[in-house]
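# Descriptive analysis of the structure
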Protein chains: 2
Amino acid sequence: MKKNSKVIKVALVQQGCANNREKNLAKSIAEIKSAAKTGAQLVVLQELHSNLYFCQSEITENFDLAETIPGPLTDKLATVAKENKIVIVGSVFEKRAAGIYHNTAVVLDSDGSLAGCYRKMHIPDDPGYYEKYYFTPGDNKFEPINTTIGKLGVMICWDQWYPEAARCMALNGADILIYPTAIGWDPEDDEAEKQRQLDSWQIIQRSHAIANNLPLICCNRTGHEADISEQSNGIDFWGNSFMAGPQGEILAQAAGNKSQTLMSEIDLERTESVRRIWPFFRDRRIDAYGVLTKRFGK
Amino acid sequence: MKKNSKVIKVALVQQGCANNREKNLAKSIAEIKSAAKTGAQLVVLQELHSNLYFCQSEITENFDLAETIPGPLTDKLATVAKENKIVIVGSVFEKRAAGIYHNTAVVLDSDGSLAGCYRKMHIPDDPGYYEKYYFTPGDNKFEPINTTIGKLGVMICWDQWYPEAARCMALNGADILIYPTAIGWDPEDDEAEKQRQLDSWQIIQRSHAIANNLPLICCNRTGHEADISEQSNGIDFWGNSFMAGPQGEILAQAAGNKSQTLMSEIDLERTESVRRIWPFFRDRRIDAYGVLTKRFGK
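Residues numbered from 1 in each chain as written. Chains lettered and ligands numbered in written order. Predicted model: local features only at pLDDT ≥ 70, side-chain atom pairs only at ≥ 80, totals over all residues. Heavy atoms only, no water.

## A closer look at the pairing of strand E2 (residues 42–45) of chain B
Residue and element names in this part refer to chain B.
- The side-chain alternation of E2 yields two buried faces, one formed by Leu42 and Val44 and the other by Val43 and Leu45.
- Relative to E2, strand E1 (residues 7–14) is paired through 4 bridges, and the arrangement is parallel. Within E2, the position partnered with alanine 11 by the bridge is valine 43.
- The pairing of E2 with strand E3 (residues 87–97) spans 3 bridges and is parallel. Among the inter-strand pairings, valine 43 is bridged to a residue of E3, identified as isoleucine 88.
- Handedness of the β-α-β unit built from E2, helix H2 (residues 72–84) and E3 comes out right-handed. (Buried < 20%, exposed > 50% of the residue type's maximum accessible area, 1.4 Å probe, protein only. Helix = DSSP H or I, 4+ residues; strand = E, 2+ residues; numbered from the N terminus. Pairing = 2+ DSSP bridges. Right-handed = clockwise from strand over helix to strand, strands pointing away.)

What follows is the structure in structure tokens.
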């Protein structure tokens, strides 16, 4: 067994958001600074952390919330990253061009440089989550983003349901899987359905850690947000952000219903020792996976 | 929400094996008959249920255990299937030709006909599980096997660690995922490592149910089996066979350390209603999954 270790200290900021961009961002930044003070080298924010989750309804004016990359939000995060010598994974509603908007994760390295960005590849659309209206699907290729602490396999929310996405990131060399997220319950669902959904969500992500022998960080939004169109009862974002090790084991777990900054140590070298006892990558049947790049077998 | 349902009653036979082929098989058959009497329409046996797990060491004479398909074992299972009007998923150490042996799952339909077979695609090899010595990798294409009760996505043990395999089966139309299995602990591992391994194993399989919105049956071996080569301390097969629904929820769960026949009802129509609320198949990025058919990205 390999005796080396490369332990990093990581944090995630699970927060409830208000209809006040400056306040939301100030809260995130305060938490980043606090995490950095206790030694965190990487901090992950939730999906679209600066705003309320505006995709509950389709409103043309919401495109005014979008900004460029680089732009005001990445400039601000870059300053925080540099001043606190910490790698930040943030989330931007990106205006790439008139008519091309993305749901984009940005990575600021600890020197304040923009290490890279990832445009959400799998775009959901179901009642209360009208993302196909707002977000053009990403055209990146599940490439991890290089930083001073490792190669970050950053994806976003709905991507977390796709084993293909995590596997592509792993095959492209990711050291860790990271999912900024905004998911919650329909308040009308019964408790049994809510529990099944929450369990499914955590299990599918733990399975990506297991299948790829990679640590994983998932940062989710928390708190109730009303549907201003009044078509629905809004969303109860379910929090429960967590970090898992390369056997899918839970390293740290946040509560469901409160803002919380979660910290843990992650040993990036454990991936290699786990891959030695469970060598899944050795035995992949790449000759027989052709249907994976098709819509359906028939 | 769709109001139809197609409920089937299923059983799995988790058993400890002795060094006595006739006795092992008699026990399996008694359990199949008993399950059929209580209304089971499908029964799943564990991997290599007729024998001790002989892959703990590499012994040339062990190839004498192999047999053809059809052959004595499938003939016997066919008779049981027909007499009890039940679909059986069994497991055969198959002699396909001199020098070509497979670890093969067989499906007998309820009229006694051989509905199909699946030759294990992913072959493990690590201390105590020398399967690459015995088993030629399968050359099938993750095609489900058609039966009177549905299309069975039968795979075997090590396949269960590969999200690709489950996805291929789902894309090829499987109604249910089924894994005959033989997995256990190294008695020398500490309790924390044992728990991580057991949890990982159940989570990765529940994730296949979730990702594909399919029910799943996993039938594992139980009991300690010595390593006759005395290179190791043998294997404690960990039982814990289970059935899950299409949100990954546990429907039934066997104990770890005893022979047990587990039964549950499974509603095959629930797949469609779950796929309507979480439409993962709609949004797969088949344009971006190319690396999945490569060994590694670099």
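## Considerations on the interface of chain A and chain B
- Facing 57 residues of chain A, the contacting portion of chain B comprises 57 residues.
- Regarding the contact of chain A and chain B, the summed buried area is about 5700 Å², with carbon and sulfur atoms giving 60% of it.
- Inspection of the region where chain A meets chain B yields 6 salt bridges.
- With its nearest N and O atoms 2.6 Å apart, the salt bridge here joins Glu164(B) to Arg167(A). (Contact = heavy atoms within 4.5 Å. Buried area = accessible area lost by both parts, 1.4 Å probe. Salt bridge = Lys/Arg side-chain N within 4 Å of Asp/Glu carboxyl O.)

## Things to note about the environment of Asn24(B)
Residues and elements named next belong to chain B.
- Considering the arrangement of structural elements, one finds asparagine 24 in helix H1 (residues 21–37).
- For the pair asparagine 24 and asparagine 51, spaced 27 residues apart in the sequence, the C-alpha separation amounts to 7.0 Å.
- Sequence-distant contacts of asparagine 24, that is, excluding residues within four places in its chain, are made with Gln15, Cys17, Ala18, His49, Ser50, Asn51 and Leu52.

## Describing the packing of aromatic side chains
Residue and element names in this part refer to chain A.
- Within this structure, the stated rule accounts for 50 aromatic pairs over all chains.
- Measuring from ring centre to ring centre gives 5.1 Å for phenylalanine 54 and tyrosine 134, while their planes differ by 85°; the resulting arrangement is edge-to-face. Here the residue phenylalanine 54 occupies a position in the loop between strand E2 (42–45) and helix H2 (72–84), and tyrosine 134 occupies one in helix H3 (residues 131–134), the gap between them amounting to 80 residues. Neither residue differs from the other here; phenylalanine 54 and tyrosine 134 are each classed as buried. (Phe/Tyr/Trp six-rings, centres within 6.5 Å; stacked < 30°, edge-to-face > 60°.)

## Observations regarding helix H4 (residues 163–171) of chain B
All names here are of chain B.
- Of all 9 residues making up H4, 9 are buried, and the element is well covered by its neighbours.
- Every buried residue of H4 is listed here: Pro163, Glu164, Ala165, Ala166, Arg167, Cys168, Met169, Ala170 and Leu171.
- Trailing H4 by a residue or two, glycine 173 shows a phi angle of about 100°, which is positive.

## Observations regarding the sheet that holds strand E8 (residues 176–181) of chain B
All names here are of chain B.
- With mixed pairing, 6 strands are arranged side by side in an open sheet as E6-E7-E8-E10-E13-E14. Edge positions in the sheet fall to strand E6 (145–147) and strand E14 (250–253), since each has one partner strand and no second. Pairs of neighbouring strands in the sheet enclose a mean axial angle of 20°, with direction left out of account.
- The pairing of E6 with strand E7 (residues 150–154) spans 3 bridges and is classified as antiparallel. Directly across from isoleucine 145, in E7, lies its bridge partner leucine 152.
- The strands touched by helix H5 (residues 191–212) within the sheet are E8, strand E10 (216–220), strand E13 (242–244) and E14, with E10 carrying the most contacts at an inclination of about 155°. (Axes fitted to C-alpha atoms, helices over the stretch in contact; angles between N-to-C directions.)

## Some remarks on the packing of helix H1 (residues 21–37) of chain A against H2(A)
All names here are of chain A.
- One way to put it is that H1 packs onto H2 with a least axis distance of 10 Å and a crossing angle of 20°. Considering their axes alone, H1 and H2 lie roughly parallel with respect to each other. Classified by chirality, the crossing of H2 by H1 is right-handed. Contact with H1, carried on its side by Arg21, Glu22, Leu25, Ile29, Ile32, Lys33 and Ala36, involves Leu73, Lys76, Leu77, Val80 and Asn84 of H2 and no other residues of that element. (Parallel < 35°, antiparallel > 145°, perpendicular 65-115°, else oblique. Left-handed = near helix turned anticlockwise from the far one by under 90°.)

## Observations regarding the pairing of strand E4 (residues 100–108) of chain B
Residue and element names in this part refer to chain B.
- Burial analysis of E4 places 8 of its 9 residues in the buried class, the great majority of the element.
- Pairing of E3 with E4 involves 9 bridges; the strand directions are antiparallel. Among the inter-strand pairings, serine 91 is bridged to a residue of E4, identified as alanine 105.
- Following E3, the chain reverses through 2 residues before pairing antiparallel with E4; glycine 99 in that reversal takes a positive phi of roughly 85°.
- Between E4 and strand E5 (residues 114–119), which follow one another and run antiparallel, lie 5 residues, and glycine 112 among them has a positive phi close to 90°.

## Regarding the packing of H4(B) against H5(B)
Residue and element names in this part refer to chain B.
- Running from N to C, H4 and H5 cross one another at 35°; their axes reach a closest spacing of 10 Å. Judged by the twist between their axes, the crossing of H4 over H5 is right-handed. Across the interface between the two elements, Pro163, Ala166, Arg167 and Ala170 of H4 pack against His208, Ala211 and Asn212 of H5.

## Notes on the relation of the copies chain A and chain B
- Once chain A is rotated about the relating axis by 180° and shifted along it by 0.0 Å, it coincides with chain B to within an RMSD of 0.0 Å. The two molecules are tied by a two-fold rotation axis, judged by turn and shift.
- Of the interface residues in chain A, 100% have counterparts in chain B that sit at the interface too, so the contact is made through matching surfaces. (Least-squares fit on C-alpha atoms with pLDDT ≥ 70 in both.)

## Observations concerning the sheet that holds strand E15 (residues 260–267) of chain A
Residue and element names in this part refer to chain A.
- Here we have 6 strands laid out as an open sheet, ordered E5-E4-E3-E2-E1-E15, and mixed in their pairing. Only two strands of the sheet have a single neighbouring strand rather than two, namely strand E5 (114–119) and E15. Looking at each pair of strands side by side, their axes are set apart by 30° on average, direction ignored.
- Relative to the sheet, H2 contacts E2, strand E3 (87–97) and strand E4 (100–108), its axis offset from that of E3 by approximately 165°.

## Some thoughts on the confidence of the model for chain A
- Per-residue confidence for chain A averages 97 on the pLDDT scale, and 99% of its residues sit at or above 70.
- The ipTM, which scores confidence in the relative placement of chains, is 0.97 for this predicted complex, and the corresponding pTM is 0.97. (pLDDT = per-residue confidence, 0-100.)

## Let's talk about the side chain of Arg284(A)
- Tracing the backbone through its elements, the reader meets Arg284(A) in the segment after helix H6 (270–277).
- Reaching out from Arg284(A), the side chain makes a polar contact with the backbone oxygen of Leu292(B) at a distance of 2.7 Å. (Polar contact = N/O pair within 3.5 Å; in protein donor to acceptor, adjacent residues only side chain to side chain.)

## As for the pattern of salt bridges
Residues and elements named next belong to chain A.
- Per the counting criterion, the structure on display carries 32 salt bridges over all chains.
- The partner of arginine 21 in a salt bridge is glutamate 67, with the nearest N and O atoms 2.3 Å apart. With a gap of 46 residues between them, arginine 21 in helix H1 and glutamate 67 in the loop between E2 and H2 connect regions that are remote in the sequence.
- For glutamate 67, a relative accessible area of 10% corresponds to the buried category.
- The residue lysine 120 makes a salt bridge to glutamate 47 at a minimum N-O spacing of 2.8 Å. Of the two residues, lysine 120 sits in the loop between E5 and H3 while glutamate 47 sits in the loop between E2 and H2, which places them 73 residues apart along the sequence. Here lysine 120 matches glutamate 47 in class, with each residue buried.
- In this structure, a network of salt bridges that share partners links the residues Glu47, Lys120 and Glu131.

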